[in-house]
Amino acid sequence: MTIRAQHPSHAARSAPETTIPNCNFPFFGDQLSREQARDLFFYDNGRLLWREGSRRRRPDAGSEYYRKSTRQDPIWVILLGARGEQRFYMRRYLVWNWHFGETDQILVPRDGDHLNDRIGNIGFAGRLAKPEIKSTVPERPLFESRYGVNCPCCDAPVQTMSADIATQVYGITEQQSRILRAVWSGKGKPVQMERVFTEMYHDDPEGGPTQVKMYAAFKVALSHLRSKLKGSGISIVTVGYRQGYRLILQDKV
């Protein structure tokens, strides 16, 4: 297949108005070099496919990520990195990296479809913010965070906690994050195990392993998740026999 892509100097100057990534949008700053991207993937009409020998269960890299907490359209993300140091990458940026290398631009879909990552559909919406050099003298924030943490993107004290922010702040892994998001979706009401299993294995083409194995994996991940959330003001509690789990949010203790 012949790929015909626009050069970065003139690509997408007339991109339509769209929502610019905000502080609940953690993936747009992570990129690879052109060589790194091509070592990992093939490009096929907007898709990134794992190269041979990666022992993946399916050729497509990554999965859809539903940004429920910010009410934004889903995006496609890819998890990369060694165990314990894994990070999410937006496929849109990796597609650009695959063609041209790293970019200092905010990339947006021309047609407004956040899952359409074809290179010809990628437009610009301004420059990525450069990291600021902070003063060694700490400034007192106008508002204290209810949870004792600052947003990992904009450094503002967190007043409204979300599953996405908790995932970044407390070093929560992908499987643990899926459990947290599933329980978070109940908004304090009990969430049944079927809902948790669906979130844990939503990108598995086979729907996941047996229920016995899913429950065993859930118990291990939940135990580690509770340890990471200890003292954060975020708790996942058992409601009762066969009644599921629910979320409790409190000020940090």
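Quick note: structure is the one above.
Within every chain, residues take consecutive numbers counted from 1 along the sequence as written. Local features in this predicted model are restricted to residues of pLDDT 70 or higher, and side-chain atom pairs are both shown and tallied only at a pLDDT of 80 or more, whereas totals for entire chains, interfaces and linings draw on every residue. Just so you know, side-chain values use all the structure's heavy atoms and leave hydrogens and water out.

Attention now moves to the pairing of strand β5 (residues 87-90). Two strands pair under a simple rule: DSSP has to find at least two bridges between them. Put simply, DSSP H or I for four residues or longer makes a helix, DSSP E for two residues or longer makes a strand, and each gets a number counted from the N terminus. Sheet topology note: the strand β4 (residues 75-80)/β5 ladder contains four bridges and is antiparallel. Within β5, the residue paired with L79 across the bridge is F88.

On to the environment of S232, then. With respect to the element layout, S232 can be found in the loop between α6 (211-229) and β8 (234-240). Considering only alpha carbons, one finds S232 and L249, 17 residues apart in sequence, at a separation of 8.9 Å.

To qualify as a nonpolar core, a set must consist of buried Ala, Val, Leu, Ile, Met, Phe, Trp, Tyr and Cys residues joined through side-chain atoms within 4.5 Å. Burial classes follow relative accessibility: with a 1.4 Å probe on protein chains only, a residue under 20% of its type's maximum area counts as buried, one over 50% as exposed, and anything between as partly exposed. With 30 residues, the main nonpolar core has M161, I179, L180, V196, F218 and I234 as its most contacted residues. For this core, the secondary structure elements donating two or more residues are α3 (163-169), α4 (174-184), α5 (193-200), α6, β8 and β9 (244-249). Among the elements that line this core, the one with the most residues is α6, at six residues. A contact between two residues is defined here by any heavy atoms of the two lying within 4.5 Å. Not counting residues up to four positions away in its chain, the partners in contact with I179 are V196, M200, F218, A221, L222 and L225. The next biggest cluster of nonpolar side chains, apart from the first, holds 28 residues, and it includes L32, Y43, Y89 and Y93.

A word on unusual backbone geometry. The bulk of non-glycine residues show a negative phi, and the bulk of peptide bonds are trans. Positive phi is not limited to glycine here, since N45 has a value of about 55°. Its place among the elements puts N45 in the loop between β1 (41-44) and β2 (47-50). We classify N45 as partly exposed; its relative accessible area is 42%. In this structure, K187 is a non-glycine residue whose phi angle is positive, near 50°. Among the secondary structure elements, K187 is positioned in the loop between α4 and α5.

Right, let's get into the packing of α4 against α6. Put simply, α4 and α6 touch, their axes get as near as 9 Å, and they point 85° apart. When the axes of α4 and α6 are compared, the pair comes out roughly perpendicular. Contacts between α4 and α6 involve Q175, Q176, I179 and L180 from the former and F218, A221, L222, H224, L225, K228 and L229 from the latter. In this analysis, axes come from line fits to C-alpha atoms, helices being fitted only over the stretch in contact, and the angle between any two N-to-C directions falls in the range 0 to 180 degrees. Any angle that is under 35 degrees is reported as roughly parallel, and any over 145 degrees as roughly antiparallel; angles of 65 to 115 degrees are reported as roughly perpendicular and all others as oblique.

With that settled, consider the sheet that holds β5. The strands making up a sheet are joined through hydrogen bonds of the backbone, oriented either antiparallel or parallel. Read across the open sheet, the three strands follow the order β3-β4-β5; overall the sheet is antiparallel. Strands with a single pairing partner mark the edges of an open sheet, and in this sheet they are β3 (63-65) and β5. Across the sheet, the mean angle from the axis of one strand to that of its neighbour is 50°, orientation sign disregarded. Where β3 lies against β4, three bridges are found, and the strand directions are antiparallel. In the strand pairing of β4, Y65 is matched with I75.

Our focus in this paragraph is the packing of α5 against α6. Angle between the axes and distance between the axes are the two parameters that describe a pair of packed helices. Where α5 contacts α6, the two axes come as close as 11 Å, and the packing angle between them is 85°. Taken as axis vectors, α5 and α6 run roughly perpendicular relative to one another. Between α5 and α6, the residues in contact are M193, V196, F197 and M200 and Q211, M214, Y215, A217 and F218, respectively. Following the grouping adopted for this structure description, the nonpolar residues are Ala, Val, Leu, Ile, Met, Phe, Trp, Tyr, Cys and Pro, the charged ones are Asp, Glu, Lys and Arg, and the polar ones are all others, Gly among them. Of the residues belonging to the contact of α5 with α6, the class tally is eight nonpolar, one polar and no charged.

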